[in-house]
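One letter stands for each residue in the lines below.
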Amino acid sequence: MGYSKSNTNGRYPPKLTYLSKDGILFQGDCLALMSQMVSDSVDLVFADPPFNLGKRYECEAFSDSLEAQKYKSWCQDWLLEMVRVLRPGGSLFLYHWPKWLIELGCWLNGIKLLEYRSWIALTMKGGFPIKNRLHPAHYGILYYTKQGAGHTFNVVRSRTPLCRHCGKEIRDYGGYRDKFKKFEDGEGVPWIQISDFWEDTRPARQDKSRQLQIVELPLHIPERIILMASNPGDVILDVFGGSGSTYHAAQLHNRRWIGCDVGDEVPILQRMQTVFGLQPTDSTDMTLSKCLKQEFISREVKSFSDENRIAKIKAIQPFTDVPLSFQQRASKSRVLGSTDVEAGI
């Protein structure tokens, strides 16, 4: 059966484009991929979907200009699949702008398997004023956990900001500065537990790369989520890969990842080549393969090997104009008690 934009919004079978011990990447539709995934199999799901703002994507069969109800229905379809593949106790994060977080959050609150945790507000300093409306200044993240088991929650801390002129701490501690001494790094600057309001989520100008044509989600957004709601060795799912920020953050902190995007996979793989160096294999990692239906992943791995896609991957070159956010240690978040915070890295 063929796929039609009118009823599937670009759905077509996923193709395995990268395979390693750390992660698996597919090119294809998110719903088509998740239909081949095992229920209750992944530890954390992060979704940064197209916002239905008329953006043009490389996949001609996909439309980012749907009628509102069709867009909502499409979002509900992949959210239901995300809930299905998420293990009991696992965490679901949805990144969007407030209009759709309200709509989708109201609907998610009615799913008995899910427990609402937080609405995280993120500063959007690059917004432009709109006539006769308030100036838009934030995006949001809805945070849910799946019931049926205890959920993972790690205390995540960010470094206290310093004045760029005098170098002193900007934060007001309300007279309790001494209580934070045990969280100081090697430079004597304390790391403070994050709240549900993130003010440092806009990338600095020097972080941008002319080579990266895809809009990049700042690394520290998925990084904080992954640090907060998963542990090393856990499996992270992101089916709207974009520039690969989630996979970067997952691999940086020793999580496994499964990814997918309708567009070209090369920018994602260039990013991973730049930061970590690509290490493709032609066999599946047990932790990752158990999340996928055996017949599906076996077929895809065979095609991957038969078509010698590893040769294409090995030919991918790293970026030469490298943004600071691509550096392995360009991290703004730490988990309480981690060795790198204690060492002041």
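Nothing here was measured: the structure is a model prediction, and the numbers come from that model.

A. Geometry of the packing of helix H6 (residues 245-252) against helix H7 (residues 266-275). Running from amino to carboxyl end, H6 crosses H7 at an angle of 30°, the nearest separation of the two axes being 10 Å. Our classification of the angle between H6 and H7 gives roughly parallel. The chirality of how H6 crosses H7 is right-handed. Counting all contacts with H6, which are made through Ser245, Tyr247, His248 and Gln251, the residues of H7 involved are Ile268, Arg271, Met272 and Val275. Each residue belonging to the contact of H6 with H7 can be placed in one class, and the counts come to four nonpolar, three polar and one charged.

B. Spatial organisation of the sheet that holds strand E12 (residues 333-335). Taken in spatial order, the three strands line up as E8-E7-E12 in an open sheet, and their pairing is antiparallel. Only two strands of the sheet have a single neighbouring strand rather than two, namely strand E8 (191-193) and E12. Along the sheet, successive strands turn relative to each other by an average axial angle of 40°, direction set aside. Sheet topology places strand E7 (residues 156-159) next to E12; three bridges connect them, and they run antiparallel.

C. Here's a closer look at the side chain of Ser333. Mapping Ser333 onto the fold places it in strand E12. With a relative accessible area of 0%, Ser333 lands in the buried category. Only 2.7 Å separates the side chain of Ser333 from the side chain of Arg224, close enough to count as a polar contact. Excluding residues that lie within four positions of it along the chain, Ser333 makes contacts with Val156, Arg157, Trp191, Glu223, Arg224 and Leu227.

D. Structural context of the nonpolar core. If you look at the biggest cluster of nonpolar residues, it comprises 79 residues, and the most contacted ones within it are Trp78 and Met82. Looking at this core element by element, the count peaks at eight residues for helix H3 (residues 68-85). Excluding residues within four positions of it along the chain, Met82 makes contact with Met34, Val45, Ala47, Leu92, Val239 and Phe240.

E. Region of the structure containing the pairing of strand E5 (residues 114-123). Both E5 and strand E6 (residues 138-146) contribute to a ladder of nine bridges, which runs antiparallel. Paired with Ser118 across the strands is Tyr143, a residue of E6. As judged from the two bridges shared by E5 and strand E9 (residues 197-198), these two strands associate in the parallel manner. Of the residues in E9, the one forming a bridge with Ala121 is Phe197.

F. Quick look at the confidence of the model for the chain. Here the chain averages 87 in pLDDT, while 83% of its residues score no lower than 70. In this model residues 1-7 is a low-confidence stretch, pLDDT under 50, and it forms 10 contacts with partners more than four residues away in sequence or in other chains. Predicted confidence is poor over residues 338-345, with pLDDT under 50, and the contacts of this stretch with residues over four places away or in other chains come to 13 contacts.

G. Spatial organisation of the environment of Gly244. Within the fold, Gly244 resides in the loop between strand E10 (235-238) and H6. C-alpha separation for the pair Gly244 and Arg271, spaced 27 residues apart in sequence, amounts to 7.1 Å. In contact with Gly244, not counting residues within four places along its chain, are Ile268 and Arg271.

H. Spatial organisation of the sheet that holds E6. The strand order across the open sheet formed by nine strands is E1-E2-E11-E10-E3-E4-E6-E5-E9, and the pairing between neighbours is mixed. Only two strands of the sheet have a single partner each, and these edge strands are strand E1 (15-19) and E9. Two elements, strand E2 (residues 23-27) and strand E11 (residues 256-261), share five bridges in a ladder whose sense is parallel. Bridge assignment links Gln27 to a residue of E11, and that residue is Asp261. This element, H3, spans strand E3 (42-47), strand E4 (86-96), E5, E6 and E10 of the sheet and lies at about 150° to E4.

I. Representation of helix H4 (residues 98-108) within the structure. Trp100, Leu101, Leu104, Gly105 and Leu108 are the residues of H4 that are buried. Buried positions in H4, seen along its axis, are confined to an arc of 125° and lie on one side of it. In H4, the exposed positions angled more than 90 degrees off the buried face are occupied by Ile102 and Cys106. Residues of H4 that are buried make contact with H3, E4, E5 and E6.

J. Main features of the packing of aromatic side chains. In the structure shown here, the tally under the stated rule is 14 aromatic pairs. Taken together, a centroid distance of 4.9 Å and an interplanar angle of 65° make the contact between Tyr71 and Trp100 edge-to-face. Of this pair, Tyr71 sits in helix H3 while Trp100 sits in helix H4, and the two are 29 residues apart along the sequence. Look at Tyr71 and you get buried, because its relative accessible area is 1%. Relative accessible area serves as the criterion here: at 5%, Trp100 is assigned to the buried category. Geometrically, the ring pair formed by Tyr247 and Trp257 is stacked, given 4.6 Å between the ring centres and 20° between the ring planes.

K. Structural context of the environment of Thr287. Tracing the sequence through the fold places Thr287 in helix H8 (residues 286-289). In sequence terms Thr287 and Arg256 are 31 residues apart; their C-alpha atoms lie 8.0 Å from each other.

About the criteria used
Residues numbered from 1 in each chain as written. Predicted model: local features only at pLDDT ≥ 70, side-chain atom pairs only at ≥ 80, totals over all residues. Heavy atoms only, no water. Axes fitted to C-alpha atoms, helices over the stretch in contact; angles between N-to-C directions. Helix = DSSP H or I, 4+ residues; strand = E, 2+ residues; numbered from the N terminus. Parallel < 35°, antiparallel > 145°, perpendicular 65-115°, else oblique. Left-handed = near helix turned anticlockwise from the far one by under 90°. Contact = heavy atoms within 4.5 Å. Nonpolar A, V, L, I, M, F, W, Y, C, P; charged D, E, K, R; others polar. Pairing = 2+ DSSP bridges. Buried < 20%, exposed > 50% of the residue type's maximum accessible area, 1.4 Å probe, protein only. Polar contact = N/O pair within 3.5 Å; in protein donor to acceptor, adjacent residues only side chain to side chain. Core = buried A, V, L, I, M, F, W, Y, C linked by side-chain atoms within 4.5 Å. pLDDT = per-residue confidence, 0-100. Arc of directions from axis to C-beta. Phe/Tyr/Trp six-rings, centres within 6.5 Å; stacked < 30°, edge-to-face > 60°.

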